[in-house]
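# Structural description and commentary
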Amino acid sequence: MTMTLPYQEPLVPREPGERQIPEPPRRGEPGGPPCGICSGKTTKAVWSDDKWTLHPPVGGSLPGAVWLASREHVDSFSDLPEPLAVDFGRVAGRVEKAMLTALDDVARVHLYRWGDGGSHFHVWFLPRPLGMLVATGMMLPLWEDVLPNVPDEELESAAKRIAAAM
Ligand SMILES: [Zn+2]
């Protein structure tokens, strides 16, 4: 078994559509909606220190998925002040280790940073289930989207187990 789309084939390719330039402002950008992270509209942090906060998602299918945000409102890696940029590797390693310790049957921890929705630095950590080789590589977020969601309480309780292992 190898990485596989979570859809029956054949899939039909489609055109990407017209480009929208300039792009609409993201959350937390001038002209856009307020930043959800700065305005506290996200899930409550299950873990934090003086630089970072760690949150469970809502409406997800993978218990143990979490996202890490900077306390400071900056956009991407290139905007992080140097001490934060340096510290990211340390804290990302701690999150990864905590996930591998606190969750059962995780083969690998995937990290994703898109930045297309909001302009506040945050990185997703997704646990790739042990043995689920169809979900290797770029397929995991697609499988995450297609698999049935679990209750938000389950996502929160898995995130709290990770927090306890930090
Ligand atoms: Zn913000």
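Keep in mind it's a predicted model, so treat the numbers as computed, not measured. (Residues numbered from 1 in each chain as written. Predicted model: local features only at pLDDT ≥ 70, side-chain atom pairs only at ≥ 80, totals over all residues. Heavy atoms only, no water.)

The next subject is the packing of aromatic side chains. Inspection of the entire model under this criterion finds seven aromatic pairs. Plain terms: the ring middles of W52 and F88 are 6.0 Å apart, the flat faces sit at 65° to each other, and that makes the pair edge-to-face. Pair noted here: W52 is in strand 2 (residues 52-55) and F88 is in helix 1 (residues 82-102), with a separation of 36 residues, a long-range link. Considering the side-chain rings of W52 and F121, the 6.3 Å spacing of their centres and the 55° angle between planes classify their relative orientation as tilted. You can see W52 sitting in strand 2 and its partner F121 sitting in the loop between strand 4 (106-112) and strand 5 (122-129), a full 69 residues away along the chain. In this structure W52 comes out as buried when scored by relative accessible area, which is 0%. (Phe/Tyr/Trp six-rings, centres within 6.5 Å; stacked < 30°, edge-to-face > 60°. Helix = DSSP H or I, 4+ residues; strand = E, 2+ residues; numbered from the N terminus. Buried < 20%, exposed > 50% of the residue type's maximum accessible area, 1.4 Å probe, protein only.)

For the rest of this paragraph, the subject is the coordination of the zinc ion. Protein-derived coordination of the zinc ion comes from C35 (SG), C38 (SG), H73 (ND1) and H120 (ND1), at a distance range of 2.0 to 2.3 Å. For the zinc ion, the four donor atoms are set out with angles of 104 to 117° between them, so the coordination reads as tetrahedral. Counting along the primary sequence, the residues that act as donors to the zinc ion give the motif C-x2-C-x34-H-x46-H. You can see H73 sitting in the loop between strand 3 (66-70) and helix 1 and its partner H120 sitting in the loop between strand 4 and strand 5, a full 47 residues away along the chain. Given the relative accessible area of 32%, H73 is considered partly exposed. (Donors = N, O, S within 2.8 Å, 3.2 Å for Na, K, Ca; no water. Tetrahedral: all angles 85-135°; square planar, octahedral: opposite > 155°, others 65-115°.)

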